[in-house]
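Here's the letter readout for the chains.
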Amino acid sequence: MQKAIIGKKVGMTQIFDAEGKVIPVTVIEAGPCTVTQLKTIEKEGYAAVQLGFQDVTEKKLTKAEAGHLKKAGEALKKYLKEFRLEDTTAFQLGDVVKADLFKEGDYVDVTGISKGKGYAGVIKRFNAHRSPMSHGAGPMHRHQGSMGACSDPSKIMKGKMMPGHMGAEQVTVQNLDVVKVDAEMNLIAVRGAIPGPKGGIVFLKNTVKKNPEVKGPSASVSKNPQKASARK
């Protein structure tokens, strides 16, 4: 079953497993979310479920937004997100989706808006090298390099690394395993870091990876016992 939920990044901490090894995790306040709309193949041409997260007063919504949300009940939500799922029959309009939708051992993709860094040069933005600090380099040590050919094609090619706005863009981190789920507090701890600042809105969904990578101490163990014995 495909699963999805909206959450808020709480911050990072660490958890110790049964062997006493530390696991860096990001804590996400996942839900409760309300199913505000269901889309079907017969009507819209594709199957999807729209979830709403975080209560908001009616005066902060337009009449159209409030009218749309009232179809799912009296819970008015600030954030809405549509997730395309293969099967939406498990959801009903007005249902409440909580963190216990996921369980420990699940693999998820987490999408969020990365931290904005403002205007940045090519060294910070693209990890470019600086120019030599001597031999007549001039005051161009942190500038971008060659801008391309001369008379032909007489233009800067697309994709050229140049200064500009850095960060504040949608980023998806794939294949993170769920380390712990607290159903009472609606908290999900996923291994590693996720995009965005503390308090940022993130979206969790089943990973698109078909074969999630083995992580942790067992990552170095070969899946083929014959190859593992041959190395010994």
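Residues numbered from 1 in each chain as written. Predicted model: local features only at pLDDT ≥ 70, side-chain atom pairs only at ≥ 80, totals over all residues. Heavy atoms only, no water.

**Let's talk about the confidence of the model for the chain**
(1) Moving on: Summarising the model, the chain shows a mean pLDDT of 85, and 90% of its residues fall at 70 or more.
(2) Moving on: Scored below 50 in pLDDT, residues 217-232 shows seven contacts in the model against residues more than four places distant or in partner chains. (pLDDT = per-residue confidence, 0-100. Contact = heavy atoms within 4.5 Å.)

**Some details on the sheet that holds strand 3 (residues 33-39)**
(1) Moving on: Reading across the sheet, the four strands line up as 5-4-3-6 and stay open at both edges, with antiparallel pairing between neighbours. Every interior strand has two partners, whereas the edge strands, strand 5 (77-84) and strand 6 (96-97), have only one.
(2) Moving on: Pairing analysis gives two bridges linking strand 3 to strand 6, with the strands arranged antiparallel. Residue pairing in the sheet places T34 in a bridge with V96 of strand 6. (Pairing = 2+ DSSP bridges. Helix = DSSP H or I, 4+ residues; strand = E, 2+ residues; numbered from the N terminus.)

**Considering the sheet that holds strand 11 (residues 187-191)**
(1) Moving on: Strand order in the closed barrel formed by six strands is 1-2-11-10-7-12, and the pairing between neighbours is antiparallel. If you compare each strand with its neighbour and ignore which way they point, the axes differ by 50 degrees on average.
(2) Moving on: Note: strand 7 (residues 107-113) against strand 10 (residues 170-182), six bridges, orientation antiparallel. Bridge assignment links T111 to a residue of strand 10, and that residue is T172. (Axes fitted to C-alpha atoms, helices over the stretch in contact; angles between N-to-C directions.)

**Notes on the nonpolar core**
(1) Moving on: Core analysis: the largest hydrophobic core is formed by 29 residues, its most contacted members being I6, L51, F83, V97, I188, V190 and L204.
(2) Moving on: Secondary structure elements with two or more residues in this core: strand 1 (4-16), strand 2 (22-30), strand 3, strand 4 (48-55), strand 7, strand 10, strand 11 and strand 12 (201-206). (Core = buried A, V, L, I, M, F, W, Y, C linked by side-chain atoms within 4.5 Å. Buried < 20%, exposed > 50% of the residue type's maximum accessible area, 1.4 Å probe, protein only.)

**Section: the packing of aromatic side chains**
(1) Moving on: On inspection of all chains with the given rule, the structure shows one aromatic pair.
(2) Moving on: Ring geometry for F83 against F203: centres 6.2 Å apart, planes inclined by 75 degrees, an arrangement best described as edge-to-face. Of the two residues, F83 is situated in strand 5 and F203 in strand 12; the sequence distance between them amounts to 120 residues.
(3) Moving on: For the cation-ring pair, K81 lies above F203, with the distance from its terminal atom to the ring centre recorded as 4.9 Å. (Phe/Tyr/Trp six-rings, centres within 6.5 Å; stacked < 30°, edge-to-face > 60°. Lys NZ or Arg CZ within 6 Å of the ring centre and 35° of its normal.)

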